Amino acid sequence: MASRVSLKNACFAGLALVAGTISAAPAEAEFAVCNQSFDVINVAIAQLVDGQFSTEGWWTIGTNQCANVIKQELTNRYIYVYATDVFGQPILDGSVSMCIGAKAFEIEGIENCWERGHRAAMFHEVDTQATVRWTLFITPRGGG
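Strand-to-strand pairing in sheets goes through backbone hydrogen bonds, with the strands running parallel or antiparallel. One open sheet accounts for 6 strands, arranged S6-S8-S5-S2-S3-S7; its pairing is antiparallel. With one partner strand each, in any of the chains shown, strand S6 (96–100) and strand S7 (105–108) form the two edges of the open sheet. Between one strand axis and the next, the sheet turns by 35 degrees as a mean value, whatever way the strands run. As paired strands, S6 and strand S8 (residues 119–127) are joined by 5 bridges and run antiparallel to one another. Bridging from a neighbouring strand, methionine 98 pairs with alanine 121 of S8.

With that out of the way, let us pick up the packing of aromatic side chains. Under the criterion given, the structure shown has 4 aromatic pairs. For the pair phenylalanine 53 and tyrosine 80, a centre-to-centre distance of 5.5 Å together with 85 degrees between the ring planes defines the contact as edge-to-face. Of this pair, phenylalanine 53 sits in strand S3 (residues 52–61) while tyrosine 80 sits in strand S5 (residues 78–84), and the two are 27 residues apart along the sequence. Aromatic pair tryptophan 58 and phenylalanine 105: ring centres 5.6 Å apart, planes at 80 degrees, arrangement edge-to-face. In this pair, tryptophan 58 sits in strand S3 while phenylalanine 105 sits in strand S7, placing the two residues 47 residues apart along the sequence. Taking the relative accessible area as the measure of exposure, tryptophan 58 reaches 25% and is therefore partly exposed. The exposure class of phenylalanine 105 is buried, given its relative accessible area of 8%. Members of the aromatic cluster, connected to one another through ring pairs, are Trp58, Tyr82, Phe105 and Phe123.

The final tally for this structure, using the stated rule, is 2 salt bridges. For glutamate 30, the salt bridge goes to arginine 133, with nearest N and O atoms at 3.1 Å. Note that glutamate 30 is positioned in the loop between helix H1 (7–22) and strand S1 (31–35) and arginine 133 in the loop between S8 and strand S9 (134–138), a separation of 103 residues in sequence. Among the salt bridges present, the one from arginine 77 reaches aspartate 127, with a minimum N-O distance of 2.6 Å. Within this pair, whereas arginine 77 is found in the loop between strand S4 (65–70) and S5, its partner aspartate 127 is found in strand S8, the two being separated by 50 residues in sequence.

Rules behind the numbers
Residues numbered from 1 in each chain as written. Predicted model: local features only at pLDDT ≥ 70, side-chain atom pairs only at ≥ 80, totals over all residues. Heavy atoms only, no water. Pairing = 2+ DSSP bridges. Helix = DSSP H or I, 4+ residues; strand = E, 2+ residues; numbered from the N terminus. Axes fitted to C-alpha atoms, helices over the stretch in contact; angles between N-to-C directions. Phe/Tyr/Trp six-rings, centres within 6.5 Å; stacked < 30°, edge-to-face > 60°. Buried < 20%, exposed > 50% of the residue type's maximum accessible area, 1.4 Å probe, protein only. Salt bridge = Lys/Arg side-chain N within 4 Å of Asp/Glu carboxyl O.

In short, geometric facts, not functional conclusions.
This is the structure in structure tokens:
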């Protein structure tokens with residue numbers, strides 16, 4: 001049975017995010033997702049581009065690995081992330097419905113996903129505090 005990342009884990013991840021942005025080493029990516037869970041995960045991201053939401057995926061991220069999902073400096077305070085386990089079960093609590101594709105995709109707009117041949121998914125909102133670099137750490141389920 002799949003469980004979702006708890007609020008406690010989300011708070012811990014948020015603190016880890018801030019710590020990740022303060023690192024003295026130069027960042028190779030402007031938005032990275034690091035998988036600290038015990039499973040391989042699949043990740044899609046979304047952000048506002050020219051006044052319209054755009055979604056993109058998939059990045060497959062192994063255990064204790066990171067993926068550079070946005071390579072340029074961040075211009076949006078909020079980045080949206082959808083992550084699943086290898087069985088396709090969401091592992092982040094999401095509150096914003098956006099479109100995803102079954103295979104690699106880039107989708108403009110978040111309306112009428114089904115009618116346009118996509119699927120709607122609930123993305124997790126990440127507040128980057130308006131910084132130009134951010135790292136999101138996805139932690140194990142159940143706080144482990």
